[in-house]
Amino acid sequence: MDKTPLGTTPLRGELIQGTRQVTVRLAGYKDWSRRLQVVAGQPIDIPDVRLEKADGYLQIVSEPTGAAVTVDGAYLGQSPVRLAVAPDTSHRIAVIKAGFLPGESRARVESGQEETVQIVLAPELAAVLLETIPADAELILDGTPHGTASQQLELTTVEHEIIVRKPGYATWRASVTPRRGVVKRLRIRLKTAEEMAREEAAALAAAPRRGRPRQPARGGVRGWWWGMRVRRWLGWRGCSRMG
């Protein structure tokens, strides 16, 4: 009662008036707890209390880590993770991570006990075929040298950075995401420095010239002003002659 032990069930006793927190506790079972409003002179009858078995615990570990974990179809976090589950029941555990095949297992744990479930995921691979000119260009895969660029790769189905380079040529760079069951073909032709220079020069020549200052009319503003004065004077002269 209010965190003070009173004895064992069944129990009959007296309570001090006011709001009281009653807790029934037994090792291996979940606590039962209720808040009661006690009034002097009024008896309180608490119905029979049925305790539920305490949860068991599953420690779920995957290789690689950071995989999504579901237990009996419900998402419960990323590995590694410690979960409370119903005891004495078989649970279906699934682990999913991009670039890997899904992993599954079943586990059963007793009340108050803890079990570790370890799942190793197999990589999900797909083919990427590189055909490069020149054929002896160097391949950089995800920041690591990977031999000659013209080759077939078996890569996990996540985004990869591919760089093809050779001295004297412009470097080619792209991001590629392979798909399972599909052979992705990349035909790459490196351009020489001379080719790149010619293309840039042609692009600059073809581009519209923006920001070029507009040329004023012949004579400029001053010439326009004098022209208007002459036209007005001629018009006035004409009117005088007609008069």
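Everything below is about the structure printed above this text.
Residues numbered from 1 in each chain as written. Predicted model: local features only at pLDDT ≥ 70, side-chain atom pairs only at ≥ 80, totals over all residues. Heavy atoms only, no water.

### Structural notes on the pattern of salt bridges
Move 1: Under the criterion given, the structure shown has nine salt bridges.
Move 2: With a closest N to O distance of 3.4 Å, E161 and R173 form a salt bridge. Within this pair, whereas E161 is found in strand β14 (residues 160–165), its partner R173 is found in strand β15 (residues 172–176), the two being separated by 12 residues in sequence.
Move 3: E161 gets classed as partly exposed once you look at its relative accessible area, which sits at 31%.
Move 4: Given a relative accessible area of 54%, R173 falls into the exposed group.
Move 5: Taking the shortest distance from any N to any O, the salt bridge between E199 and K191 comes out at 3.0 Å.
Move 6: With a relative accessible area of 41%, E199 lands in the partly exposed category.
Move 7: A residue is classified by how much of its surface remains accessible, and K191, at 29% relative accessible area, is partly exposed. (Salt bridge = Lys/Arg side-chain N within 4 Å of Asp/Glu carboxyl O. Helix = DSSP H or I, 4+ residues; strand = E, 2+ residues; numbered from the N terminus. Buried < 20%, exposed > 50% of the residue type's maximum accessible area, 1.4 Å probe, protein only.)

### Section: the pairing of strand β4 (residues 68–71)
Move 1: Where β4 lies against strand β5 (residues 74–78), four bridges are found, and the strand directions are antiparallel. The partner of V71 across the bridge, within β5, is A74.
Move 2: A loop of two residues connects β4 with β5, the two strands running antiparallel in sequence, and D72 in this loop sits at a positive phi of about 55°. (Pairing = 2+ DSSP bridges.)

Keep in mind these numbers describe shape, not what the thing actually does.
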